[in-house]
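# Observations on the model geometry
Okay, here's what each chain looks like letter by letter:
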Amino acid sequence: MATGETGFSDIVHDLITVQYHALKAGHDYEQFIRDAENADEREIAEFFRAVMKEDADRARACHRHLAHLSGTSAPGSAVT
């Protein structure tokens, strides 16, 4: 595995980056859902819920891959 400028392998850095952005977006989606519900746009609110779930699934997958690379079963708690 190549090691990037951070001292971590490139793949670990990549997984952490994807996980961070997926989790950060989840926070934003809560507001998007509220905005759609406040506008009585239920279909759009459901769309944002689906997108939020996809990002949560993506963050969990990154967590599993990071656990695999670290040689542990679970490096810490993940989103459930």
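It should be emphasised that the depicted structure is a prediction, and the values quoted were computed from it without experimental measurement.

This part is about helix 1 (residues 10–38). Taking 1.5 Å per residue, 29 residues should reach 42 Å; helix 1 reaches 42 Å between its end C-alpha atoms and fits that length. The largest bend in helix 1 amounts to roughly 25° and is located at histidine 27. Val12, Leu15, Gln19, Ala22, Ala25, Gly26, Tyr29, Ile33 and Ala36 are the residues of helix 1 that are buried. Looking at the buried positions of helix 1, the neighbouring elements they touch are helix 2 (42–70).

Evaluated as defined, the whole model comprises six salt bridges. Notably, a salt bridge pairs arginine 42 with aspartate 40, separated by 2.7 Å at the nearest N-O pair. Pair check on accessibility: arginine 42 and aspartate 40 agree, each one exposed. With its nearest N and O atoms 2.5 Å apart, the salt bridge here joins aspartate 57 to arginine 60. On the criterion of helical spacing, the pair formed by aspartate 57 and arginine 60 is a turn pair, its members being three residues apart in helix 2. Accessibility expressed as a relative area gives 30% for aspartate 57, which makes it partly exposed. For arginine 60, a relative accessible area of 21% translates into the label partly exposed. A cluster of three or more residues bridged by salt bridges with shared partners is formed by Glu37, Glu46 and Arg49.

So, how was this worked out
- Residues numbered from 1 in each chain as written.
- Predicted model: local features only at pLDDT ≥ 70, side-chain atom pairs only at ≥ 80, totals over all residues.
- Heavy atoms only, no water.
- Helix = DSSP H or I, 4+ residues; strand = E, 2+ residues; numbered from the N terminus.
- Expected span 1.5 Å × (residues − 1).
- Bend = angle between axes of the 7 residues up to and from the residue.
- Buried < 20%, exposed > 50% of the residue type's maximum accessible area, 1.4 Å probe, protein only.
- Contact = heavy atoms within 4.5 Å.
- Salt bridge = Lys/Arg side-chain N within 4 Å of Asp/Glu carboxyl O.

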